[in-house]
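Descriptive analysis of the structure
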Amino acid sequence: MSAASPLIAPELASSVLATALANGGDFAEVFCEDRSGFALTIDESRIERPQRGAERGAGVRVIAGDTTYFAHVDGLGEADLERAAEAAAAALHGDHREPTALEALTAPDLQDVAVDPDSVDAGSKADLLRACDERARAAGGEIAQVQASYGENRRRVTVANSDGRFAADDRTRVRFGAQVVARRGERVETGFETLGGHRGFELVDEGAAEAIAAEAAQKGLVILDADPAPAGAMPVVVGGGFGGVLFHEMTGHGLEADHIDKGASVYIGKMGEQVAGDHLTAYDDGTLPGAWGTDAIDDEGTPTHRTPVIEGGRLTSYLYDLVRARKLVAESTGNRRRERFRHLPIPRMTNTYIAPGEATPEELLAEVERGFYAKSFAGGQVDPTTGDFVFGTSEGYLIENGKVTKPCRGATLVGNCLDALARIDAVADDFDMKTGFCGKGGQRVPVGTGQGHVLIGELTVGGTAV
């Protein structure tokens, strides 16, 4: 086994799986979870009430053909688990299938928690938020409001299935976020920044959180001076770090195996084809040590992978789970995840990023006579079936004569995934990863997005400047 201890004994897991297959089925799984967390916020310089939560439970899944039967239960007692297995099996009317004997999986330890966040008292965490509030307000008299949040979560999971898999993982995550409002007369703008990782309290300690608060404040102040964004087709430089959300949305979702299986992806039939320049390589990597989207195993018990999805511009892999990998004659890439035990697992990204290139950000900018610099994003929409997307920017600038000049507001980026990929002319070497939550199928899971600066030769900018 890995360093993580299982939540239930293998003997109990085997019994539950046998019950789940009592009336037939091709595959059965029990997913056990023990979760605890703590959250604290500051708003208008006041610490809000701390929130603690904990829960234990399990989900039992039985698959017969293309149909999934699922039941979940609070608690991890033998009677609880057997009851869930009976409920999942109740709708089937076939012959009993004996599960394969369980064999423990040795999973890698991908996180280093130097300071257990639960060992740090709530008062120290409140002091951290107060220091962040003061740091943000010190940016200038035009800072009108500061909100900051600290959150920690520990999630222990154990997965057993009828193919003999028995695996466990122990996941600790810490995240800090700051949202700062700047006001000048009737003009109000907001800056937002986050810091998170599969780490302990050391991630936000020693001034790290305060630096993020100051960065959020500076963003808000800069946008106060912004002019309306330009409109039209032009070169676009996308910022590093959170700029990777553009690749996450426009490419990552279309590579998830459920979209492929349903025929609802613009990337169907393009495996092995050249979809970008030969300078572009991209990964979904659930093994990045300490990264926000990292786990030792996915929520089917498959070890996470460093999966090259694009190599030298060629499409090289989709993101598979166990079930769809079998159906599509492939191997699971460790990409089946769930929000918690009450949810069915679905194909999801982990840490998705464009690998660093050889140019510097300055060299990318120098190639643009007139264009737009999209430093960070405020969200967007993508249709995986067609590849069409619309993204709003939260921080953007004009590029004039190879230099970043005036800040812009109200910009959107409009395009098509395949067109935009093909027009990525260069990737910079300033690689950075950022944190986020990805919503899909009514579930939110932590994901990492990243890249260095990227130059897209032409993309439509929707702005209001005339």
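Figured I'd write up the structure that's included with this text. In this text, all values refer to a predicted model and were calculated from it rather than measured experimentally.

In this section: the pairing of strand β11 (residues 282-285). Burial along β11 is two-sided: Ala282 and Asp284 facing one way and Tyr283 and Asp285 facing the other are all buried. Summarising the sheet, β11 and strand β12 (residues 306-311) pair through four bridges and their orientation is antiparallel. When the bridges of β12 are listed, Asp284 appears paired with Thr307. The pairing of β11 with strand β16 (residues 351-354) spans three bridges and is antiparallel. When the bridges of β16 are listed, Ala282 appears paired with Ile354.

Once that is clear, we can look at the nonpolar core. Ranked by internal contacts, the top residues of the largest apolar core, which has 45 residues, are Tyr267, Ile310, Phe372 and Leu413. A per-element tally of this core places helix α5 (residues 245-255) first, with five residues. In this structure, Leu413 is in contact with Val236, Phe372, Ala374, Phe377, Phe389, Val390, Phe391, Thr393, Leu459, Thr460 and Val461, ignoring residues within four places of it in sequence. Counting 29 residues, the second largest nonpolar core, distinct from the first, contains Leu128, Ala136, Ala216 and Leu224.

Right, let's get into helix α3 (residues 122-137). In this model α3 runs 23 Å from its N-terminal to its C-terminal C-alpha over 16 residues, within 8% of the 22 Å that 1.5 Å per residue would give. Buried within α3 are the following residues: Lys125, Ala126, Leu128, Leu129, Cys132, Asp133 and Ala136. Seen from one end, α3 has its buried residues packed into an arc of 150 degrees, which puts them on one side. Tucked into the core, α3 has its buried residues touching β1 (27-43), β2 (46-47), β6 (143-161), β7 (165-184) and α4 (208-224). The distance from a side-chain oxygen at the start of α3 to the backbone nitrogen of Gly123 is 3.0 Å, and the residue carrying that oxygen is Asp121.

For the coordinates displayed, the defined rule picks out one cavity of 30 Å³ or more. Estimates place the volume of the largest cavity at around 50 Å³. In terms of lining residues, the largest cavity is bounded by Val238, Gly243, Leu246, Phe247, Met250, Ile354, Ile424, Gln451, Val454 and Ile456. With three residues, the top contributor of residues to the lining of the largest cavity is α5. Here the lining of the largest cavity is composed, by residue class, of eight nonpolar, two polar and no charged.

Reading the values: the criteria
- Residues take numbers from 1 onward in each chain, read along the sequence in its written order.
- Only residues with pLDDT of 70 or above have their local features reported here, since the model is predicted, and side-chain atom pairs are shown and tallied only from 80 upward, although totals for entire chains, interfaces and linings are computed over all residues.
- No hydrogens and no water enter the side-chain calculation; it runs on all heavy atoms of the structure.
- Each residue is assigned to one of three classes by its accessible area relative to the maximum for its type, calculated with a 1.4 Å probe on protein chains only: buried under 20%, partly exposed between the two thresholds, exposed over 50%.
- Secondary structure elements follow DSSP: runs of H or I no shorter than four residues count as helices, runs of E no shorter than two count as strands, and numbering proceeds from the N terminus.
- Paired strands are those between which DSSP finds at least two bridges.
- Think of a nonpolar core as a cluster: buried Ala, Val, Leu, Ile, Met, Phe, Trp, Tyr and Cys residues, connected wherever their side-chain atoms sit within 4.5 Å.
- The contact criterion used is simple: two residues touch if any of their non-hydrogen atoms lie within 4.5 Å.
- Multiplying one less than the number of residues by 1.5 Å gives the expected span of a helix.
- To obtain the arc, one takes the directions from the helix axis to the C-beta atoms.
- Here a polar contact is recorded for every N or O atom pair within 3.5 Å, except that within protein the pair must consist of a potential hydrogen donor and a potential acceptor, and residues adjacent in sequence are included only if both atoms are side-chain atoms.
- Think of a 1 Å grid over the protein atoms and nothing else: a 1.4 Å probe that fits but is trapped marks a cavity, an open set flanked by protein within 12 Å on at least five of seven lines marks a pocket, and residues with an atom within 4 Å of a point count as lining.
- Grid points are joined across faces, edges and corners, and a volume is the space filled by probe spheres set on the points.
- Residues were grouped as follows: Ala, Val, Leu, Ile, Met, Phe, Trp, Tyr, Cys and Pro as nonpolar; Asp, Glu, Lys and Arg as charged; and all remaining residues, including Gly, as polar.

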